[in-house]
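Residue-level structural notes
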Amino acid sequence: MRVVTAIILLILGSLPSIAQNDSIAYHTDLYFLTANQSFQPHWQVSNKYGIFDRNRQTELVGLFGLAYQYKIGDRFKIETQGEFNVKSDISTSYFQQLYLNVHYGSLQLKIGKEAYTIAQYSDALSSGSLFVSNNARPIPKIGIGFYDFTPVPWIGRYVEFKGAMNFAKLDDDRSMYNGTDNPWYHEKFFYVRSSFLPVNPYAGCL
């Protein structure tokens, strides 16, 4: 049977406040989903980092986030964000994101739950890697590396690379599936590409 769905998105507020070396911003988003079946269509809830429950016929979701950034000189930068997902069933609410990133130039140290993937060009064209997907909630992790493509010194955009190492913990309750609860996982990735040629190849591995 064809599934009929409706969604309402209200952007209630987004306010940046910028100083010379730091900035602070917040956002408040409200979503309402409903369908004529007991589940939501795939494309209604996909690529949203798991903020919706696809097995609910009707759901009200509020996202409340606060982000802060501070620069130290030309190379150091600190970023942190907390984002809380408030559900219509309050008991199922949780922190969607809660992380701290420390940058030194292109090198990053990541700690916490952050919504990101290592897709090469656009998250809209992919669900991410085999382990990090934009269809799932962020997981707590610690990692270090070059998470964005960085030009190789003295070569410029002819050759760019990115690569990092992450350690994480799958902290959802998995006991209902008779699987291993709270497993740890380790991830490494490395990619190279060109961004200067008319056709830009890339290659890499996980």
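Computed from a predicted model, the values in this text were never measured in an experiment.

About the thresholds
Residues numbered from 1 in each chain as written. Predicted model: local features only at pLDDT ≥ 70, side-chain atom pairs only at ≥ 80, totals over all residues. Heavy atoms only, no water. Helix = DSSP H or I, 4+ residues; strand = E, 2+ residues; numbered from the N terminus. Buried < 20%, exposed > 50% of the residue type's maximum accessible area, 1.4 Å probe, protein only. Contact = heavy atoms within 4.5 Å. Areas by Shrake-Rupley, 256 points an atom, 1.4 Å probe, with all protein chains shown as cover. Salt bridge = Lys/Arg side-chain N within 4 Å of Asp/Glu carboxyl O. Phe/Tyr/Trp six-rings, centres within 6.5 Å; stacked < 30°, edge-to-face > 60°. Lys NZ or Arg CZ within 6 Å of the ring centre and 35° of its normal. 1 Å grid on protein atoms, 1.4 Å probe; cavity = no way out; pocket = protein on both sides within 12 Å on 5 of 7 lines; lining within 4 Å. Points joined across faces, edges and corners; volume = space filled by probe spheres on them. Nonpolar A, V, L, I, M, F, W, Y, C, P; charged D, E, K, R; others polar.

1. Some details on the overall build of the protein
Of the regular secondary structure elements, the protein holds 1 helix and 10 strands. Put simply, the protein has 206 residues, and 33% of those count as buried. A separation of at least 24 residues holds for 49% of the contacts in the protein among residues at least 6 apart in sequence. Counting every atom, the protein has about 12700 Å² of accessible surface; 61% of that belongs to carbon and sulfur.

2. As for the pattern of salt bridges
Where charged atoms of side chains with opposite charge meet at close range, the side chains can pair. Considering all chains together, one arrives at 6 salt bridges under this definition. The partner of Arg56 in a salt bridge is Asp89, with the nearest N and O atoms 3.4 Å apart. With Arg56 in the loop between helix 1 (42–45) and strand 3 (58–72) and Asp89 in the loop between strand 4 (76–87) and strand 5 (94–104), this residue pair connects regions lying 33 residues apart in the sequence. The partly exposed category is assigned to Arg56, whose relative accessible area is 30%. Assessed through its relative accessible area of 30%, Asp89 is described here as partly exposed. In this structure, Glu59 engages Lys87 in a salt bridge whose closest nitrogen and oxygen atoms are separated by 3.0 Å. Of this pair, Glu59 sits in strand 3 while Lys87 sits in strand 4, placing them 28 residues apart in sequence. Note on accessibility: Glu59 and Lys87 belong to one class, buried. The network of salt bridges with common partners includes Asp53, Arg56 and Asp89.

3. Observations concerning the packing of aromatic side chains
Counted according to the given criterion, the structure contains 9 aromatic pairs. Ring centres of Phe189 and Tyr191 lie 6.5 Å apart, and the angle between their planes is 45°; on these two criteria the pair is classed as tilted. Ring pairs connect the aromatic residues Tyr116, Tyr147, Phe189 and Tyr191, which therefore count as one cluster. Stacked on the ring of Tyr116, the Lys or Arg Lys110 has its end atom at 4.9 Å from the ring centre. Here the guanidinium or amino end of Arg137 rests over the ring plane of Tyr94, the centre of that ring lying 3.6 Å away.

4. As for empty space enclosed by the protein
Gaps left between atoms show up when a probe the size of a water molecule is rolled over them. Applying the stated rule across the entire model yields 1 cavity of 30 Å³ or more. Counted as a void, the largest cavity has a volume near 50 Å³. Contributing to the lining of the largest cavity are Tyr99, Lys110, Ile111, Gly112, Glu114, Tyr116, Ile139 and Lys141. Per-element tally for the lining of the largest cavity: the top contributor is strand 6 (residues 107–113), with 3 residues. A breakdown of the residues in the lining of the largest cavity according to their chemical character gives 4 nonpolar, 1 polar and 3 charged.

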